[in-house]
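Here is how the chains run, residue by residue.
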Amino acid sequence: MTVRTAFMFPGQGSYIPGALHRLINEFPAAQAVLDQIDEVCAELDHAPVSRLLVDPGAPSLDDLVADQSADLDAALFASNIVTYQILVSIGRHADVVLGHSLGEVSAFTAAGALTVPDATRLVFSRTTALQSNSIPSGGMLALSIGSHRAAHLVDFVAEPRVAVAVDNGPEQCVVSGPDAGLTDVERIAAAVGIRATRLRAIQPFHNRLLLDAADDLSRAFADIPVAEPRIPVYSPVLGRYVGSADDIRSWVGGHLTRPVLFYDALLRLYRDGVRCFLESGGRNTLTRMVPACLPAAADTVTPLRRRCSAAEFRQAVESAASGPPDSGAVDAAPKRADTDGGTSNGKQAASFVPVPVAVPESSTEPKRTAPEQSTEPDRSATPDHSATPESDAAEAQTTGLPGTADLVARIREIYADTLGYPAEMLDADVDLEADLGIDSIKQIEAFRLVRQQFGLPEPSAEIRVTSYSTLAEVAELLRSLADQDGAAVAHDEGVPR
């Protein structure tokens, strides 16, 4: 039986510098998509976005958040839609698409409602609308509670412009508003033992503070043609399936001020039979939320969790091609009540709608060169953190490092002390940059201390330490360095290997 699959397009936090470095030359159609985006950048007198996605030395997320928000938003869209085109090229099919916040522009594009050039213009118009309006200084704050509890917490704050902005799951939501109001929320959260983390958001997104910017964006979008989606699209902002061009125009006018109901979106798609959730973009920002929201029958795929080769990308996709494990005749039903009372927009799942591009019939010379080999360790598959005593002992004997669980625990201890974060916040799969806002300088310093603790050599210049953005990935890098160091010693001593 074919497994119903949803493609999810991430928003903020999914940027990977040089994400396509080892991929783009292998897929001419994907390169053509990136070329179209660069052409719009040139039309708008903006630097090409491709430089951020094909150069592994591109600016970090920190750099872009600080003063290059237009670059960041364009890079997020480009990463999403180029990844989608690669999935199309290898024959992976979607039954429904959805995006998270800005990621919804990618979903509309994948569904054929917007062309790649027009979607790119929309992304830049959005940035212009935000920058050209006087918006009170504010931001966003993640809370380790559900949205209903967060709403009660916000009611205690005297600032009425603080509001629940994003509902990501039963124990994770985001509030936005003026800085002073968020400080009050942090104080109350601390008093009642709720974890609160400031996000690196330059605006209080999904808040009525952005009404003027939303109006400007609606006017700028008025002349952009919109088609009816050719693949079912579920909108977490609208809280329902998108059935018409008018729905998309409604989303454009309201997405800056309305909350993102991502948790409800996952529940609805699961009830509609979706069992595989594939992230079409960088990192695992969205797939990481699925296990907390849905029963175990829901499978996840993250082909671009980090920079990878074409073979590694295919392997990540094919590993889930057979679908999730059989959970029996009846799946456990999610508990949250339906949000719109309907079934769907009546559309049948369509075959893939490739992004409309003109691909040259032949390509003898790729436009962007990338080395065929990479010195970075192969990290295409999600690390398995469920170590056994036997595997821990084998790892310790092979590399001289502790077993996986002990190694991650030691890394957590050093990182918590160096970064000033409580150890309980540093789960093995928490993204240090995207989730906790830890800048690259602090990450590099913490890694240096861990590396020195275990007496390991510096990584080669080709390895970017900050691309290993979780403690599990840091442990993986340490093992790679230990393997290399052991091999070097064995070579120097003439020991057979």
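Residues numbered from 1 in each chain as written. Predicted model: local features only at pLDDT ≥ 70, side-chain atom pairs only at ≥ 80, totals over all residues. Heavy atoms only, no water.

(A) Highlighting the environment of Pro291. Structurally, Pro291 can be placed in helix α12 (residues 290-293). Given the relative accessible area of 59%, Pro291 is considered exposed. C-alpha of Pro291 to C-alpha of Gly169: the two residues are 122 residues apart in sequence and 9.6 Å apart in space. (Helix = DSSP H or I, 4+ residues; strand = E, 2+ residues; numbered from the N terminus. Buried < 20%, exposed > 50% of the residue type's maximum accessible area, 1.4 Å probe, protein only.)

(B) The pattern of salt bridges, seen in detail. Applying the stated criterion across every chain, the model contains 17 salt bridges. A salt bridge links Asp216 to Arg219; the nearest nitrogen and oxygen atoms lie 2.3 Å apart. Of this pair, Asp216 and Arg219 both sit in helix α9 (residues 211-221), separated by three residues, roughly a single helical turn. The shortest N-O distance in the salt bridge between Asp247 and Arg240 comes to 3.1 Å. Judged by its relative accessible area of 14%, Asp247 falls in the buried class. Judged by its relative accessible area of 30%, Arg240 falls in the partly exposed class. (Salt bridge = Lys/Arg side-chain N within 4 Å of Asp/Glu carboxyl O.)

(C) Representation of empty space enclosed by the protein in the model. Evaluation of the coordinates by the stated rule reveals two cavities of 30 Å³ or more. What lines the largest cavity is a set of 13 residues, and nearest its centre among them are Pro17, Arg283, Glu433, Thr466 and Ser467. Partitioned by chemical class, the residues of the lining of the largest cavity number three nonpolar, four polar and six charged. Reported here for the second largest cavity is a volume of approximately 50 Å³. Along the walls of the second largest cavity sit Arg283, Asn284, Arg288, Arg305, Arg306, Asp429, Asp431, Ser467, Ser469, Thr470 and Glu473, which together make up its complete lining. Split by residue class, the lining of the second largest cavity holds no nonpolar, four polar and seven charged. (1 Å grid on protein atoms, 1.4 Å probe; cavity = no way out; pocket = protein on both sides within 12 Å on 5 of 7 lines; lining within 4 Å. Points joined across faces, edges and corners; volume = space filled by probe spheres on them. Nonpolar A, V, L, I, M, F, W, Y, C, P; charged D, E, K, R; others polar.)

(D) A look at the nonpolar core. Membership of the largest hydrophobic core comes to 106 residues, with the highest contact counts inside it found for Tyr15 and Phe277. The contacts of Phe277, once residues within four sequence positions are left out, are Ala6, Met8, Leu266, Leu269, Tyr270, Thr287, Val290, Leu294, Ala298, Asp299, Thr300 and Val301. Tyr415, Ala416, Leu419 and Ala482 belong to the second-largest nonpolar core, a separate cluster that totals 30 residues. (Core = buried A, V, L, I, M, F, W, Y, C linked by side-chain atoms within 4.5 Å. Contact = heavy atoms within 4.5 Å.)

(E) Fine view of the sheet that holds strand β4 (residues 163-169). Pairing within the open sheet is mixed, and its five strands lie in the order β6-β3-β5-β4-β9. With partners counted over all chains shown, the strands left at the sheet margins are β6 (196-199) and β9 (260-261), one partner each. With four bridges joining them, strand β3 (residues 138-143) and β6 adopt antiparallel strand pairing. Along β6, the bridge assignment pairs Met140 with Leu199. Strands β3, β4 and β5 (172-178) of the sheet are contacted by helix α7 (residues 147-155), whose axis makes an angle of about 160 degrees with β4. (Pairing = 2+ DSSP bridges. Axes fitted to C-alpha atoms, helices over the stretch in contact; angles between N-to-C directions.)

(F) Here's a closer look at the side chain of Arg451. Along the chain, the position of Arg451 falls in helix α16 (residues 440-453). Despite its burial, Arg451 pairs with no opposite charge; the closest candidate is Glu458, at 4.2 Å N-O. Beyond its immediate sequence surroundings of up to four residues, Arg451 is in contact with Leu456, Pro457, Glu458, Pro459, Leu478 and Leu481. (Lys, Arg positive; Asp, Glu negative; His and termini not counted.)

(G) Geometry of unusual backbone geometry. Phi angles above zero are rare outside glycine, and Ser101 is one such case at about 60 degrees. Within the fold, Ser101 resides in the loop between β2 (96-99) and α5 (103-110). A relative accessible area of 12% places Ser101 in the buried class. Look at His206: it is not a glycine, yet its phi comes out positive at around 55 degrees. Note that His206 resides in the loop between β6 and α9.

(H) The side chain of Asp71, seen in detail. On the secondary structure map, Asp71 appears in helix α4 (residues 69-89). Filtering out sequence-adjacent residues up to four positions away, Asp71 remains in contact with His46, Val49, Arg51, Leu52 and Leu64.

(I) Layout of the pairing of strand β10 (residues 274-279). Burial analysis of β10 places six of its six residues in the buried class, which makes it a mostly covered element. Here strand β1 (residues 4-9) runs beside β10; their pairing, made up of five bridges, is parallel. Residue pairing across strands places Thr5 opposite Cys276, the latter belonging to β10. The pairing of β10 with strand β11 (residues 299-301) spans three bridges and is classified as parallel. Across the sheet, the residue bridging to Cys276 is Asp299, located in β11.

(J) Focus on the packing of aromatic side chains. On inspection of all chains with the given rule, the structure shows four aromatic pairs. Judged by centre distance (6.0 Å) and plane angle (80 degrees), the rings of Phe7 and Tyr84 are edge-to-face. Placement of Phe7 in strand β1 and of Tyr84 in helix α4 is noted, with a sequence separation of 77 residues between them. Relative accessible area serves as the criterion here: at 0%, Phe7 is assigned to the buried category. Classification of Tyr84 as buried rests on a relative accessible area of 0%. Here Tyr234 and Tyr241 contribute two aromatic rings whose centre-to-centre distance is 5.1 Å and whose plane-to-plane angle is 85 degrees, an arrangement assigned as edge-to-face. Note on Tyr241: relative accessible area 10%, which makes it buried. (Phe/Tyr/Trp six-rings, centres within 6.5 Å; stacked < 30°, edge-to-face > 60°.)

Shape is all these values report; function is a separate question.
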